[in-house]
Amino acid sequence: MRHLLCPLALGAMLAAGPGLAQVSDDLVKIGVLDDMSGPYADIQGPGDVVAVRMAVEDYGGTVLGKRVEVVEGDLQNKTDVGAAIARRWYDVDKVDVIVGIGHSGTAIAVQGIAREKNKINIATSAGSTDITGKYCSPNGMHWVYDTYALANGTATAVVKQGGADSWFILTADYAFGHALERDASAVVAKLGGKVVGKVRAPLNSGDFSSFLLQAQSSGAKVIGLANAGNDTINTIKQASEFGIAAGGQKMAGLLVLLTDIHAVGLKEAQGLLFTEAFYWDQNEETRAFSKRFQARHGKPPTMFQAGIYGATMHYLKAVKEAGTDETQAVLAAMRRMPVNDFMTKNATIREDGRLMRDMYLLEAKKPSESKGEWDLMKVVATIPAEQAYRPLAQSECPLVKK
């Protein structure tokens, strides 16, 4: 006669330890889905793959006695392409968790697929607050930052410098840009300012002149850039050519990363304020990791690349803690365990999937302050997690108990 175990008994067995460990297909598989060749490749993409492979190696290459494998895919900043890769990975290739997902529209789609397939997704480089808002999922987590934190940190700092009166926002025309524009507009209004104009530019535009001329002619005190990667770099460079800063208008980068400042140069970027979750030169721990990463990748990590390492490491620790790679057991362990690594201290995963980590206000250095090629920023202030992110009371997430 066959005896069946009730779910509680099975859960107890799985949590009992490696002696009773169960790993599907005798393999734990991690998929890195990012922009590998387009405008965001430098800030995520190949560097994200390097960071995930480092995390797996640092963990020992195995978990519960089983090998950990890493696969990579180029989402091409197209939601249909990214979603198709995710479905194939989950259905055919038996991928357990997808990380990165550096395009907000794709991240939202993948989150829905992961929930449908009972798999895990961790958005480390996508930004839209909708990932933990109306599209939240019990199977999904938002790890490094979001558009609310960026807008809240940067807009507040710029307003304190006298930029409250009027803003013009130049937006990347897709889910991430729309969310950043929305969140920045709300923060500006909350602080007593006004958005006097907006314009949306196609992703990966080469020429921003017409958009910048609209911003310039608006007379707004601040021009907020709700874009990222090459789009941000080209916007700042072209704004300098138009003499926008020299004319008295201030540029506010709402998502700016280390490699962006490096590409623009401190002559044009100096004084730019922006919000990030990480800077390579913050302390001994960040410098030690960044030195190892740079030895492999040729440049220090962005916050995305540092964050995806931490997300991967936390996932592997949770698999060990759960005694299995079964999705629900791993998710429970991830939420139960605090997140601690070189860039994140005592962070927890909120019920909407938001990792509650501190953020930092940074400023691009003056050329005279820089002591080396990558000595580009300084930390101006720490923004505690509870101040950085949208309060749960304002959440649209259906998982949140009101």
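Everything quoted here is computed from the prediction, not taken from an experiment.

Draft legend 1. Up close: the sheet that holds strand 9 (residues 222-226). If you trace the four strands from one edge of the open sheet to the other, you get 8-7-9-10, paired in parallel fashion. Either end of the sheet is taken by a strand with one partner, and the two such strands are strand 8 (194-201) and strand 10 (250-253). Neighbour-to-neighbour, the strand axes of this sheet turn through a mean angle of 20°, independent of strand direction. Sheet analysis places strand 9 next to strand 10, joined by four bridges and oriented parallel. Bridging across to strand 10, Val 222 finds its partner in Lys 250.

Draft legend 2. Structural detail: the nonpolar core. In this structure, Trp 143, Ile 261 and Tyr 315 are the most contacted members of the largest nonpolar core, which totals 116 residues. Ranked by the residues each element gives to this core, the list is headed by helix 12 (residues 303-322), at 12 residues. Setting aside its immediate chain neighbours within four residues, Ile 261 contacts Val 256, Leu 266, Ala 269, Leu 272, Phe 274, Ala 364, Leu 376 and Met 377. Among the nonpolar cores identified, the runner-up in size contains 19 residues, and Leu 33, Ile 98, Ala 114 and Ile 131 belong to it.

Draft legend 3. Examining the sheet that holds strand 2 (residues 62-63) more closely. Judged by pairing direction, the sheet is mixed, and its six strands sit side by side in the order 2-3-1-4-5-6 without closing on themselves. Looking along the sheet, the strands with just one partner apiece sit at the ends: strand 2 and strand 6 (140-142).

Draft legend 4. How the structure looks around the pattern of salt bridges. Under the defined criterion, the tally for this structure stands at 24 salt bridges. The closest approach of N and O atoms between Lys 198 and Glu 181, which form a salt bridge, is 3.8 Å. Taken together, the residues span a long stretch of sequence, with Lys 198 in strand 8 and Glu 181 in helix 6 (residues 175-190) at a distance of 17 residues. The class of Glu 181 is buried, set by a relative accessible area of 6%. Salt bridges sharing common partners tie together Arg 87, Asp 91, Glu 116 and Lys 117.

Draft legend 5. Looking closely at the packing of helix 11 (residues 284-297) against helix 12. At a minimum axis distance of 12 Å, the contact between helix 11 and helix 12 shows a crossing angle of 105°. Regarding the angle of helix 11 to helix 12, the classification is roughly perpendicular. Seen from helix 11, the contacting residues are Phe 289, Arg 292, Phe 293 and His 297; seen from helix 12, they are Gln 305, Ala 306 and Tyr 309. The residue makeup of the contact of helix 11 with helix 12, split by class, is four nonpolar, two polar and one charged.

Draft legend 6. Main features of unusual backbone geometry. In this structure, Asp 25 is a non-glycine residue whose phi angle is positive, near 60°. Secondary-structure assignment places Asp 25 in the loop between helix 1 (7-14) and strand 1 (27-34).

Draft legend 7. Expanded view of the packing of helix 2 (residues 45-59) against helix 11. It is the contact of helix 2 with helix 11, at a shortest axis distance of 10 Å, that shows an interaxial angle of 120°. Regarding the angle of helix 2 to helix 11, the classification is oblique. Note on packing geometry: the crossing formed by helix 2 with helix 11 is right-handed. Seen from helix 2, the contacting residues are Pro 46, Gly 47, Val 50, Ala 51, Arg 53, Met 54, Glu 57 and Asp 58; seen from helix 11, they are Phe 289, Arg 292, Phe 293, Arg 296 and His 297.

Draft legend 8. Local environment of the state of the cysteines. Per the counting criterion, the structure on display carries one disulfide. Through a disulfide, Cys 136 is tied to Cys 397; the S-S separation comes to 2.0 Å. Sign of the S-S torsion, about 80° for the bond between Cys 136 and Cys 397, identifies this disulfide as right-handed. A residue pair is termed long-range when its members are at least 10 positions apart, and Cys 136 in the loop between strand 5 (120-123) and strand 6 and Cys 397 in the segment after helix 14 (385-388) qualify at 261 residues. Side by side, Cys 136 and Cys 397 carry an identical accessibility label, which is buried.

Draft legend 9. Local environment of the pairing of strand 8. Alignment of strand 7 (residues 166-172) against strand 8, held across seven bridges, turns out to be parallel. In the strand pairing of strand 8, Ile 169 is matched with Lys 198. A crossover links strand 7 with its parallel partner strand 8, the connecting element being helix 6, and its sense is right-handed.

Draft legend 10. Local environment of the environment of Val 158. You can see Val 158 is positioned in helix 5 (residues 147-160). The sequence separation of Val 158 and Lys 66 amounts to 92 residues, and the corresponding C-alpha distance is 50 Å.

Draft legend 11. Quick look at the environment of Ala 252. Tracing the backbone shows Ala 252 in strand 10. When the C-alpha positions of Ala 252 and Ala 157 are compared, they lie 9.8 Å apart, and in sequence the two are 95 residues distant. Setting aside its immediate chain neighbours within four residues, Ala 252 contacts Thr 154, Val 158, Trp 167, Val 222, Ile 223, Gly 224, Leu 225 and Leu 272.

Draft legend 12. Region of the structure containing helix 3 (residues 79-91). Taking 1.5 Å per residue as the helical rise, helix 3 with its 13 residues ought to reach 18 Å, and the 18 Å between its terminal C-alpha atoms agrees with that figure. Residues of helix 3 that are buried: Gly 82, Ala 83, Ile 85, Ala 86, Trp 89 and Tyr 90. When helix 3 is viewed along its axis, its buried side chains cluster within an angular range of 160° and face the same direction. Looking at the buried positions of helix 3, the neighbouring elements they touch are strand 1, strand 3 (66-74), strand 4 (97-100), helix 4 (104-117) and strand 5.

Parameters and conventions
- Residues numbered from 1 in each chain as written.
- Predicted model: local features only at pLDDT ≥ 70, side-chain atom pairs only at ≥ 80, totals over all residues.
- Heavy atoms only, no water.
- Pairing = 2+ DSSP bridges.
- Helix = DSSP H or I, 4+ residues; strand = E, 2+ residues; numbered from the N terminus.
- Axes fitted to C-alpha atoms, helices over the stretch in contact; angles between N-to-C directions.
- Core = buried A, V, L, I, M, F, W, Y, C linked by side-chain atoms within 4.5 Å.
- Buried < 20%, exposed > 50% of the residue type's maximum accessible area, 1.4 Å probe, protein only.
- Contact = heavy atoms within 4.5 Å.
- Salt bridge = Lys/Arg side-chain N within 4 Å of Asp/Glu carboxyl O.
- Parallel < 35°, antiparallel > 145°, perpendicular 65-115°, else oblique.
- Nonpolar A, V, L, I, M, F, W, Y, C, P; charged D, E, K, R; others polar.
- Left-handed = near helix turned anticlockwise from the far one by under 90°.
- Disulfide = S-S within 2.5 Å.
- Right-handed = clockwise from strand over helix to strand, strands pointing away.
- Expected span 1.5 Å × (residues − 1).
- Arc of directions from axis to C-beta.

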